[in-house]
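If you want the building blocks of each chain, they are given just below.
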Amino acid sequence: VGTPLSHDTLLDLSRWQWALTAAFHITFPAVTVGTSVFLVVCYAMYMRTDDDVWLRMFRFWRRIFAVGFTLGVVSGMVLTFEFGLNWGPFARDVGPIVGVAILMEVVMAFFLEAGFLGLLIYGEGRIGKRMMMFSACMVSLGTMLSVTWILVANSWMQTPAGYKLVDGQFQPVNWLHVIFNPSFGIRFIHMLVGALVAAGWFICGISAWYFVKRRHLPIARRGLSVTLGVLSVLVPLQIYIGDSVAGGYVAKYKLPQLEAMGGNWNSTNTGENMIVIPNQGAAKNDWQVTIPWLGSALGAKDWSGHTATPGLKLTPKSLRPMMLPTFYGFRLMWWPTLLMIAVVLGGIALRLRGRLYSARWFHKLLVGLVPIGFVSIWAGWVLAETGRQPWLVNGKLLTAAAVSPLKPWSVLTSLAVFVVLYLALLGMYVWYVVRAVREGPGDGPIVEPAAPSLRHERRSGLASAS
Amino acid sequence: MQLSDGWMIFVILAFTIYIVLDGYDLGIGVLTLLDRDDRRRRDMLELVAWTWDGNESWLALIALALWAGVPLVAGIALPALYIVLIPMLWSLIARGVSLELIDEQDGWHPLWGKVFGIGSLAAGFCQGAAFGGLVAGLDVHGGTFAGGPFAFLHHGYAVLTGLTAVALYVLAGAAWVFLKSGGETQLRAARVGRIAVVVLTAGTAASWLLAPVAGPVSLDPGAAARLPIWIVGAVVLAAGLVFALRSFSSDPRGRRSDRAPVFSTLAVYAGGLLLAGGLLYPRLVAPDITVHEAASPHATLLFLTIGAGVFIPIILTYQAYAYWVFRGKVDVKQEATTA
Ligand code: HDD
Ligand code: HEM
Ligand code: HEM
C-alpha cells in the first residue's frame, strides 16, 4: 500500500468502481421487479378471460423483461465478487453477518428466479397454462425475496444491530436483531415501492408511445390504464414512506446525512435550499438559492417557520459526508416525485373526464417520463450510500480501513474497462428496447409456438403470421 | 466433526455442481467456435439458453459460501486473484449478453456468436487459472495477502491449469451435446470430445506433478497418510478418461450409449477433485491457512447450515424439474435431412 497518497488514490478508485458497478446493476432490478409483477397480471388476466390481447401483452413484455433480467444477472455477479476483490478487509470483518444475508438471497431468490426463468421464457409448448402461471409467480416472488435479503444486508450496514465485535470481526449474537435491524422494515418498503413505481412509468410510457403512433391500441389502452391506476396509489404512498425514512430513521441514526441533505453548514437557516455549491474544505457554500420558511415547514413540520435546519458543522470535520452528492441525491429523488404526483393527478382528472385515451399531449408527456423512476432510484442510492460516509458500517467500520491492498493501477485498469463495457451495454439495452417497441407486439393472429424444439424463436408468436 | 468441516463439505459440493453444470455450458460455448454451420450452432445454443442462468447461480453460491463461512479466506484469496477474476467477470458478462443477441439475426449473428464463444473460452480459462493460483499457494502476512498482482501465476503454472480447465469444460460440453443431439452435430461433438480427452490427460498429469514445485505449497508430513485418497483419485480419473475416449463412438447402429460420455466425464470430475482435495486438505489457502482458523463463528455456521439444508433440496427439485421439461434431443429430424 505504501504512502498515504497512494492509499487515497486506491480508495478513490475502488469507491468509483463500486459506485459505478452498483448503480449499473440497480438499473435492471428497477425494471425487472415491477415488470415481473406485470407479467403475472397479464397472464392471470389471460387465464381468466381467455382474451388474446392479454397473451400478446404477456409475450411482448416478457421479451423486454428477459433482456433486462440477463443484464441484472451478469452485473449482479460482478458485485458479488467485488465484495471480496475490492473490499477484502470488509469481507473478512462482516462476512459472518452480511455474507450470510446475501447467501440467503442466493438460495432463496436467485435460484428461484433462475429455476423458473427458463420455463417462463422457453417453456411455451412444453408446459401447460397453469405451470406457466406458476413459473411467472415464482420468478416474481424470487425478485421480491431478492429485494428483501439485499436490504437486510445493506440496512444492517446503515444501522448495525445484534452483533458483538471480536478481534475486529462482527459476529452475530441475535439473528432476529440482525435481520430486523432498525432501518430494515421501512427501507425495504421504500425500495420495493420505488422499484414498482419505476417499472410503472417505464411500462406506462411505452404504452403511451403506441397511442402517439396510433398502433396496437387495445394493448396500449390496457397498459396505460393499469399502470396509471397503480401509480395513483403508489406515488402518494411513497411520499408518505419516504417522509418516514427521512424523519424516522435518518434523523435518528444518520444525523450527519440529514445535515448534509439540507445543504446548510450552520444551523441558522429556516429556509429550504434549492441550489447550493458547497465548498467542503472551507465548510461554507460558495453560492446558494433559498426559499424562506419552507425548510422549517417541510423538515421540522413547524409551520410557523421558526425552526432552523441543522447544519453540517455539528458533525466533526473528519466524519462529515460529502455535501454535494448527498444534497443532490436527495433533490434528484424528491423533485421527480413531485412531477410524478402532478402527472398522476392529471391522469385522474383526464380519466374522470373520459379523455385519458385521447389527450395526445398527455401521452407525449408520458413517453418522456419513461426514465423518471430510474433517476429517483439512482439518486436515492447515492444519497443513502454517500450519506453514510466515511463509514462503511455506520459508526463502526471506516471505508478507508476496508479497502483491499491492491495496486492502484490494477483498479484503474479494471475501472476503465468497466466504464467502457457498461456504457456499451447500456447503449445496447436502450437500442434493444427501442427496437422491440418499434417492432411491437404484432397485429396478426396469435401464433402458437410449434412443436417443442427446445428453443422456439423468441420473436415468434409476436410477429404477425402471414 | 465440527460444523466448519460440514460447511466445507457443502462448499465442495457446490463447487462440484458448479463445474459440472457451468462446465458443460461454457464448453458448449467453445464448441460453437469450432463449427461453421448455423443450424448446428443454434442447436447447441438451445442447450445453453434456458439453463445458463441457473448454472451460474452456483457460482454466486460458491463465492458466498466462502465469504460467509470462511471470511478470512475470501478476504485474502479474492484480492490475490484480482487480475484473473475481474476478466472472468467480464467474460461472463460478454457471453451472457451475447447469448441474448444471437437471435437478432436469423441463423447465427457473426459478431455476437463470436463474442459468445470467446467469452465462454476466456471464462473457463480464468477459472482454471484462479484455481491453479490457489492450489499452488499465496503469500500471506498478518491475515492479508502480501504478494504482487501477478504472484498467483507462479511462473506460468496458472496458465497450465487454465488450459486444463478449458479442456475439461470442452469435454463436458461435448459429452452433453453428444447426449442431447443427433446426426452431424453429435458426430462432431464426439470428434472434439476425443481431442479434449487427450489434452486433458496431458494437462491434468502436468498440473498435478508440478503443483508441489510451482509455489509455496509444500507436502506436509501428514501427506503420506493421504496416499490412499490419491490412489483412488488417480484410478477414478484414469478410468474416466479412458472410458470417455472410447464412449465417443461414432457408430449409431453399434452398441452405443449416448449417455456414456456424460458418465465418464463425471468420473473425470470425481477423480480430479479427489486428487486436488488430497493435496490441499485441511489447508484452504496453501501454505498455512486452515479451515478451522478461517471459519466463521458458530452462530453463523449454524444459520448457514440450516438455511442451506432447507433450501438446497428444494432448489435441486425444481432444477431437476426444469431438466425434465427440457428433456430429449434438439431438432434431430431436421438435422438428419440436412446432414
Ligand atoms: C432492488 C433490489 C436489488 C438490489 C438493491 C440489488 N439487487 Fe442484485 N438482483 C436483484 C435485485 C437487487 C434482482 C431483481 O433479483 C435481480 C436483478 C435483475 C434481475 O434480473 O434479478 C438481481 C440479480 C443479481 C444477481 C444474479 C442472480 C441470478 O443469478 O439470478 C446477483 C449475483 C446479484 N443480483 C447480486 C447483488 C449484490 C451483490 C447487490 C448489492 C450490492 C445487489 N445484487 C443489489
Ligand atoms: C448489500 C448491499 C450493499 C453493500 C454491502 C454496499 C457497500 C458499499 C461499499 C463497500 C461502498 C464503497 C464505499 C465508498 O464508496 O465510499 C459503497 C458505496 C456506494 N454504494 Fe453501496 N453497497 C450496497 C448496496 C448498494 C446498492 C444496491 C447501490 C445501488 C446503486 C449502492 C450504491 C452505492 C454508491 C452510489 C456508492 C458510492 C458512495 C461514494 O462514492 O461515496 N450500494 N457501498
Ligand atoms: C418515487 C419516488 C422515490 C423513489 C423511486 C425512491 C427511491 C429510493 C431509493 C432506491 C433509495 C435508496 C434505498 C434506501 O436507502 O432505502 C432511497 C433512499 C431515500 N429516500 Fe427515496 N425514493 C422516492 C421518493 C422519496 C421521497 C418522496 C422521500 C422523502 C420525502 C424519500 C426519502 C428518502 C430518504 C431520506 C432516503 C435515504 C435513506 C437512507 O439514508 O438509507 N424518497 N429512495
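Rules and cut-offs
Residues numbered from 1 in each chain as written. Chains lettered and ligands numbered in written order. Predicted model: local features only at pLDDT ≥ 70, side-chain atom pairs only at ≥ 80, totals over all residues. Heavy atoms only, no water. Donors = N, O, S within 2.8 Å, 3.2 Å for Na, K, Ca; no water. Helix = DSSP H or I, 4+ residues; strand = E, 2+ residues; numbered from the N terminus. Near = heavy atom within 4 Å. Polar contact = N/O pair within 3.5 Å; in protein donor to acceptor, adjacent residues only side chain to side chain. Pairing = 2+ DSSP bridges. Contact = heavy atoms within 4.5 Å. Nonpolar A, V, L, I, M, F, W, Y, C, P; charged D, E, K, R; others polar.

Attention shifts here to the coordination of the iron atom of ligand 2. For a metal bound by four donors in a tetrahedral arrangement, the ideal donor-metal-donor angle is 109.5 degrees, while six donors in an octahedral arrangement ideally sit at 90 or 180 degrees. For the iron atom of ligand 2, the sole protein-derived donor is Glu-385 of chain A (OE), lying 2.4 Å away. Inspection of the secondary structure assignment puts Glu-385 of chain A in helix 12 (residues 372-388).

Attention shifts here to the site of ligand 2. Residues and elements named next belong to chain A. The immediate surroundings of ligand 2 are formed by 21 residues, with Arg-15, Trp-18, Asn-154, Met-157 and Glu-385 found nearest. The side chain of Glu-385 places a nitrogen or oxygen atom 2.7 Å from a nitrogen atom of ligand 2. A distance of 3.1 Å is found between an oxygen atom of ligand 2 and a side-chain nitrogen or oxygen belonging to Gln-389. Residue assignment for the shell around ligand 2 shows that the elements contributing at least two residues are helix 1 (4-49), helix 4 (129-158) and helix 12. For the shell around ligand 2, the element with the highest residue contribution is helix 1, accounting for six residues.

With that settled, the discussion passes to the pairing of strand 1 (residues 163-166) of chain A. Residues and elements named next belong to chain A. Sheet topology note: the strand 1/strand 2 (residues 169-172) ladder contains four bridges and is antiparallel. Each bridged residue has a counterpart across the sheet, and for Leu-165 the counterpart in strand 2 is Phe-170. Turn length for the strand 1-strand 2 hairpin, with the two strands adjacent in sequence and antiparallel, is two residues, and the turn residue Asp-167 shows positive phi of about 50°.

What follows covers the side chain of Thr-315 of chain A. Relative to the helices and strands, Thr-315 of chain A is located in the loop between helix 9 (294-300) and helix 10 (323-352). Those residues within four positions of Thr-315 of chain A in sequence are excluded, and the remaining contacts are Pro-256, Glu-259 and Arg-320 of chain A.

Most peptide bonds take the trans configuration, and most residues that are not glycine carry a negative phi. Residues and elements named next belong to chain A. Of note, the amide linkage connecting Gln-389 to Pro-390 takes the cis form, showing an omega dihedral of 5°. With respect to the helices, strands and loops of the structure, Pro-390 is situated in the loop between helix 12 and strand 5 (391-393). At Asp-167, a position not held by glycine, the phi torsion is positive, near 50°. Note on placement: Asp-167 falls in the loop between strand 1 and strand 2.

The next subject is the site of ligand 1. Residues in close proximity to ligand 1 total 24 residues, the closest being His-25, Phe-69, Thr-80, Glu-113 and Ser-146 of chain A. Those residues lying near ligand 1 are distributed over chains A and B. Between ligand 1 and Phe-69 of chain A, the relevant distance is 3.3 Å, taken from an oxygen atom to a main-chain nitrogen or oxygen of the residue. Listing elements by their share of the shell around ligand 1, those giving two or more residues are helix 1, helix 2 (52-86), helix 3 (88-122) and helix 4 of chain A together with helix 3 (52-69) of chain B. Ranked by residues supplied to the shell around ligand 1, first place goes to helix 2 of chain A with eight residues. A per-class count over the shell around ligand 1 returns 14 nonpolar, eight polar and two charged.

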